[in-house]
Amino acid sequence: MQVAKTHRVAGGELSYAAHESAATGTQMRLSVFTPGGNGPFPYLIWLSGLTCTEDNFTTKAGAYAAAAKHGVAIVAPDTSPRGESVADDVAYDLGQGASFYIDATQPPWAPHFKMETYVVRDLIEAVEARFPLAPRRSIFGHSMGGHGALTLAMKHPRLFRSVSAFSPISSPTRCPWGEKAFSAYLGADRDAWRAHDAALLIEAGKAAPFDDILIDQGLADSFLVNELKPEVLEAAALAAGQKLTLRRQEGYDHSYFFIATFVSEHVAFHAARLA
C-alpha cells in the first residue's frame, strides 16, 4: 500500500493511497479516512457510481465530520480497474468507471474486471493491513455503487454488519443500464445475471442477516423511472418479509448535493450497528 498524500480533516486523517490487486491485475486507487485517536476503528466501505473515481465521495460527500463523531473510518475505492491495458468503451456506462462491482466472465472484460473479488477480498485485506481498522465493517454506495453495496452485502453477509444505499440501481436485470452492462460482462445467459440483482436477492431471502436496509431516493432524480426503480426493491422486501426503509426525498436529484444532505444519517445508521 503506497500512501501518496494525507490531509487533516474533522480531527482525523484522510489518506490517498494505491495498491496492487491480484483480482484486477492492476493498481487500484482509494481514499481512507480515519478519525482522531489510535483505533482500531470499525469502518464503512463506500462504492461510488458511474464515471466516478475514488475522489468523488472523498471531496463532495462531506461525510467525515459525522464519521469522526461516531468514531468510524471510511474507505472509498475507485469504481473500476484502469490503465492502457484495461478494456474500455467510449460510452460512460460501460468499461472503465462502470464496473458494476461484478466479476466479468466475458472477453475483453474478464482479465481485469473482477471488482466483486477486489472489494470483498483484496481491498479489505489491504486496508486492514495498512490502516488502524478493526474487522468490523459495513457497506454503502450510490447508484451503480448502491447496487454494488446491496448485492455484495447480501452475497457476503459475514463480511458486513449493515448496508445502505443512495439511489441504487435496484434491479439491473430489468433496466437499460444493467442489461447493457450484464450483457457485456456476463454474456447472454440471463440466469447468470440473477446473482447480481438486489431485488431478486431480497426475494430469495438473502437480506435476512440484516435487521434493516436504509435507502434514500430523490424524487427529482432524472434516472428514477427508467433505471433505478426503487419500488421494485420495496415490493421484493414486502414479499420476503424483509425490513427495508425507503425514504423518498422530495425535490432531490441524483447528485452529490443529495448525498451530502443525508450522508450523516447513513453514517449514524451504520455506526449503531458497528458499535
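Structure shown above.
Residues numbered from 1 in each chain as written. Predicted model: local features only at pLDDT ≥ 70, side-chain atom pairs only at ≥ 80, totals over all residues. Heavy atoms only, no water.

**Examining the packing of aromatic side chains**
1) Next: A full pass over the atoms with the stated rule returns 16 aromatic pairs.
2) Next: Look at Phe-182 and Trp-193: their rings are 5.8 Å apart centre to centre, the planes differ by 75°, and that puts the pair in the edge-to-face class. You can see Phe-182 sitting in helix H5 (residues 176-186) and its partner Trp-193 sitting in the loop between H5 and helix H6 (198-203), a full 11 residues away along the chain.
3) Next: Take Phe-182: its relative accessible area is 0%, and that puts it in the buried class.
4) Next: Since its relative accessible area comes to 2%, Trp-193 is described here as buried. (Phe/Tyr/Trp six-rings, centres within 6.5 Å; stacked < 30°, edge-to-face > 60°. Helix = DSSP H or I, 4+ residues; strand = E, 2+ residues; numbered from the N terminus. Buried < 20%, exposed > 50% of the residue type's maximum accessible area, 1.4 Å probe, protein only.)

**With respect to the sheet that holds strand E5 (residues 73-77)**
1) Next: Within the open sheet, the 9 strands sit side by side as E1-E2-E3-E5-E4-E6-E7-E8-E9. Their pairing is mixed. Here the strands that pair on one side only, and so sit at the sheet edges, are strand E1 (2-9) and strand E9 (245-249). Ignoring which end each strand starts from, the neighbouring axes of this sheet average 20° apart.
2) Next: In terms of strand pairing, E1 meets strand E2 (residues 12-21) through 7 bridges, oriented antiparallel. Bridge pairing in E2 links His-7 to Leu-14.
3) Next: Where helix H8 (residues 230-240) meets the sheet, it contacts strand E8 (214-218) and E9, and its direction lies at approximately 155° from that of E9. (Pairing = 2+ DSSP bridges. Axes fitted to C-alpha atoms, helices over the stretch in contact; angles between N-to-C directions. Contact = heavy atoms within 4.5 Å.)

**Thoughts on the pattern of salt bridges**
1) Next: Taken as a whole, this structure holds 12 salt bridges when the rule is applied.
2) Next: Linking Glu-116 and Lys-155 is a salt bridge whose minimum nitrogen-to-oxygen distance equals 2.9 Å. Taken together, the positions of Glu-116 in helix H3 (residues 115-130) and Lys-155 in helix H4 (residues 144-155) put the pair 39 residues apart, joining distant regions of the chain.
3) Next: Accessibility expressed as a relative area gives 9% for Glu-116, which makes it buried.
4) Next: In this structure, Arg-137 and Glu-128 form a salt bridge, with 2.8 Å as the shortest nitrogen-oxygen distance.
5) Next: Overlapping salt bridges, with partners in common, bring together Arg-29, Glu-54, Asp-78 and Arg-82 in one network. (Salt bridge = Lys/Arg side-chain N within 4 Å of Asp/Glu carboxyl O.)

**Quick word on the side chain of Thr-34**
1) Next: Of note, Thr-34 is situated in strand E3 (residues 26-34).
2) Next: For Thr-34, a relative accessible area of 10% translates into the label buried.
3) Next: In this view, Thr-34 contacts Gly-12, Glu-13, Phe-41, Ala-73, Pro-132 and Leu-133; residues no more than four positions away in its chain are not counted.

**What to know about H3**
1) Next: Of all the bends in H3, the greatest, near 35°, is centred on Leu-123.
2) Next: Those residues of H3 that sit buried are Met-115, Glu-116, Tyr-118, Val-119, Val-120, Asp-122, Leu-123, Ile-124, Ala-126 and Val-127.
3) Next: For H3, the secondary structure elements touched by its buried residues are E2, E3, strand E4 (41-47), E5, strand E6 (133-142) and H4. (Bend = angle between axes of the 7 residues up to and from the residue.)

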